[in-house]
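If you want the building blocks of each chain, they are given just below.
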Amino acid sequence: MSIISAAQAAFTEAYGTEPAGLWAAPGRVNLIGEHTDYNDGFVLPFALPQRTIAAVGPAPDGQWSVCSTLAPDPVTFGVTEPGAVTGWGAYVAGIVWALQDAGFEVPPVRIALASDVPLGSGLSSSAALESAVLTALIDLGGLDVPLERRPAIAQRAENVYVGAPTGILDQSASIRCQEGRALFLDCRSYQIEQIPFDLDGQGLAILVINSNAPHQHVDGEYGARRKSCEAAAEALGVKALRDVATADLAGALEKLGDDVLRRRARHIITENQRVLDTVELLRAGRVREIGPLLTASHASMRDDFEITVDQVDTAVQAALDAGAHGARMTGGGFGGCVLALIDADRAEATAAAVADAYRKKEFSAPTSWVATAGPGATRL
Ligand code: GAF
């Protein structure tokens, strides 16, 4: 059964009626620009074809209810404040709350969700859920919320209601990405540029390798990285690390007494520059040449930001050894997925090489597939 039919069937099963409509929002792969979002920096994600479907209809009882194919018994809530709904339902209650908090009258609805975005793999399954629900509520309520405002509302739901101190990358990708494009986003101004991302035309492909090492945001490591970045910015007397120019890197690092802060700052400052360099190459249609930037980004995450684990380092190295032009972990880190830029005819061989390296290390098997750039959140 397709996920669209699955969401429809879950709705009818839970609520005994047909949904008024269906909304979809994708997961994402971040091509480059990791942990730069909460430093007011630059990111370059593209949307995955994998998405979350929300089947939604009006709620006669004036409350909000949500169920999913994984949790068929609906979670129901009325007027809500952070802390009132916990568990996965908090992502939905958070969206209702954040919209209300922004001054909008949110229609009470019943929701059933189905998704083929892999969970807990660093591909933004939670942002896909938030963005599908947000888009449905805006459409059904006839709310006047311009596209560029929506990611910040979904981010607030996640930060304040769910309690995960994430940046704006994932929600922006899920809401603002376009098919066949990568989204160049300035996380300070929210300005975007849709960058043509024609891999096929150049005989290239992005292989996504799920390390199957579990990945989790609502934990201390992500927050600790964020705090270190804020401490480094404060020590340097800037609003955010975005404000340190690459040309001033050496001087800035000298000013930071603490070695950990120095390495965290170096990752962010150099990663912002790598995003800008990647965008330049893509604008010029020189896709293959972004490979070394991807690989340098991985080294920086591994050595300076210290957010990789053995499974992802192994996947990156095995992909490079198998001839990938570049490879890096994508997403928040501590597990999750790796992307490799490869010649289109090398997908199977690269996936096999990574699987082989995993066998040698006795890791559980990775899952690999070729990713294409899909559309952002929409009504179906
Ligand atoms: C996670 C967060 F949710 C994003 O905001 C971003 O910081 C990312 O990790 C790292 O780039 O996906």
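Preceding this section is the structure that the text describes.
Nothing here was measured: the structure is a model prediction, and the numbers come from that model. (Residues numbered from 1 in each chain as written. Predicted model: local features only at pLDDT ≥ 70, side-chain atom pairs only at ≥ 80, totals over all residues.)

Our next topic: the site of the ligand. Surveying the vicinity of the ligand reveals 12 residues, the closest of which are Glu-34, Thr-166, Gly-167, Leu-169 and Gly-332. By residue class, the composition of the shell around the ligand is 2 nonpolar, 7 polar and 3 charged. Counting contributing residues per domain, the shell around the ligand is built from domain 1 (3-195) and domain 2 (200-371), each supplying no fewer than three. (Near = placed C-beta within 6 Å. Nonpolar A, V, L, I, M, F, W, Y, C, P; charged D, E, K, R; others polar. Domains from an automatic or database assignment.)

What follows covers the pairing of strand E8 (residues 192-196). Looking at chain direction, strand E7 (residues 181-186) and E8 are connected through 5 bridges and run antiparallel. Counterpart to Leu-185 in the pairing with E8 is Ile-192. (Pairing = 2+ DSSP bridges. Helix = DSSP H or I, 4+ residues; strand = E, 2+ residues; numbered from the N terminus.)

For the rest of this paragraph, the subject is the nonpolar core. Nonpolar side chains in soluble globular proteins generally cluster together in the buried interior. Residues Ala-54, Ala-132, Ala-319 and Val-338 are the most contacted members of the largest nonpolar core, which totals 106 residues. Residue contributions to this core reach at least three from each of two domains, namely domain 1 (3-195) and domain 2 (200-371). Aside from chain neighbours lying at most four places away, what touches Val-338 is Ile-209, Ser-211, Val-312, Ala-315, Val-316, Ala-319, Ala-327, Arg-328, Met-329 and Thr-330. Among the nonpolar cores identified, the runner-up in size contains 11 residues, and Cys-229, Ala-232, Leu-241 and Ala-252 belong to it. (Core = buried A, V, L, I, M, F, W, Y, C linked by C-beta atoms within 7 Å. Buried ≥ 20, exposed ≤ 12 C-beta atoms within 10 Å, placed from the backbone. Contact = placed C-beta atoms within 7 Å.)

Quick look at unusual backbone geometry now. Non-glycine residue Phe-334 carries a positive phi angle of around 60°. One can find Phe-334 in the loop between strand E10 (326-330) and strand E11 (337-343). Overall, the presence of 20 C-beta atoms within 10 Å leaves Phe-334 in the buried class. The phi dihedral of Glu-362 is positive, around 60°, even though this residue is not glycine. As for its position among the elements, Glu-362 is in the loop between helix H11 (347-361) and strand E12 (367-371).

Another point: helix H2 (residues 89-101). Spanning 13 residues, H2 covers 18 Å between terminal C-alpha atoms, matching the ideal 18 Å at 1.5 Å per step. In terms of burial, H2 is largely enclosed, as 11 of its 13 residues are buried. When we look at burial in H2, the residues that qualify are Gly-89, Ala-90, Tyr-91, Val-92, Ala-93, Gly-94, Ile-95, Val-96, Trp-97, Ala-98 and Leu-99. Tucked inside the fold, the buried residues of H2 contact strand E4 (64-68), strand E5 (75-77), strand E6 (109-115), helix H3 (125-141) and helix H4 (150-162). Gly-103 sits one or two positions beyond H2 and adopts a positive phi of about 100°. (Expected span 1.5 Å × (residues − 1).)

Turning next to the sheet that holds E12. On the basis of which strands lie adjacent, the open sheet formed by 4 strands has the order E10-E11-E9-E12 and antiparallel pairing. Bordering the open sheet on either side are E10 and E12, each of which pairs with just one other strand. Ignoring which end each strand starts from, the neighbouring axes of this sheet average 25° apart. Sheet topology note: the E10/E11 ladder contains 5 bridges and is antiparallel. Residue pairing across strands places Arg-328 opposite Leu-339, the latter belonging to E11. (Axes fitted to C-alpha atoms, helices over the stretch in contact; angles between N-to-C directions.)

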